[in-house]
Amino acid sequence: MEQEKLEFFKLDEIDRKVLLWLLSHVPQKSVVAWLEYTAVQYKQEKSIQLDLDKIYAEVEEYTGNQESTGNQKPNERVLT
């Protein structure tokens, strides 16, 4: 069976770094808004369709694995 490319890796290197940074520094709503904006840009400029649910699940799985190995999980802040 052919290995399916992870949705996260459809993002270019800089956008992957930005996403990981956002996860640890801004509220979840801001991350979702950035992902939605980025998905529109990728579709218009690069003809790449991003599945945001898959990207978010992959990142959550990755950050969950990091937490279990002793690394800090991204900060989840809520603006009041």
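These numbers were taken from a predicted model, which means no experiment stands behind them.

1. Concerning the packing of aromatic side chains
Next, step 1: Applying the stated rule across the entire model yields one aromatic pair.
Next, step 2: Ring plane angle 85 degrees and centroid distance 5.2 Å describe the contact between F8 and F9, whose orientation is recorded as edge-to-face.

2. Details of unusual backbone geometry
Next, step 1: For S47, which is not glycine, the phi torsion reads 55 degrees and is therefore positive.
Next, step 2: Within the element layout of this structure, S47 appears in the loop between α2 (28-46) and α3 (52-68).

3. As for the environment of D51
Next, step 1: Inspection of the secondary structure puts D51 in the loop between α2 and α3.
Next, step 2: Take D51: its relative accessible area is 30%, and that puts it in the partly exposed class.

4. Topic: the nonpolar core
Next, step 1: Among the nonpolar cores identified, the biggest contains 14 residues, and L11, L19, V31, L35, L50, I55 and V59 are the most heavily contacted of them.
Next, step 2: Put simply, the parts of the chain that give this core at least two residues each are α1 (13-25), α2 and α3.
Next, step 3: If you tally residues by element for this core, the top one is α2, at five residues.

5. Points about the confidence of the model for the chain
Low-pLDDT stretches of the model should not have their predicted coordinates read in fine detail.
Next, step 1: Of all residues in the chain, 74% attain a pLDDT of 70 or more, and the chain-wide mean is 81.
Next, step 2: Across residues 69-80, where pLDDT falls below 50, the model places 14 contacts with residues more than four positions away in sequence or in other chains.

Scoring rules and cut-offs
- Throughout, residues of each chain are indexed from 1 in the direction in which the sequence is written.
- Local features are withheld for residues below a pLDDT of 70 in this predicted model, meaning they are given only at 70 or higher, and side-chain atom pairs are given and counted only at 80 or more; totals for whole chains, interfaces and linings count all residues.
- Heavy atoms throughout the structure, all of them, feed into the side-chain values; hydrogens and water do not.
- Within 6.5 Å between ring centres, the rings of Phe, Tyr and Trp (the latter by its six-membered ring) count as paired, and their orientation is classed by plane angle as stacked under 30 degrees, edge-to-face over 60, tilted in between.
- Secondary structure elements follow DSSP: runs of H or I of four or more residues count as helices, runs of E of two or more count as strands, with numbering from the N terminus.
- Note on classification: 1.4 Å probe, protein chains only; a residue is buried when its accessible area is under 20% of the maximum for its type, exposed when over 50%, partly exposed between these limits.
- What is meant by a nonpolar core is a set of buried Ala, Val, Leu, Ile, Met, Phe, Trp, Tyr and Cys residues, joined one to another through side-chain atoms within 4.5 Å.
- Confidence of the predictor at the level of single residues is captured by pLDDT, which takes values from 0 to 100.
- Between two residues, a contact is recorded if the distance between any of their heavy atoms is within 4.5 Å.

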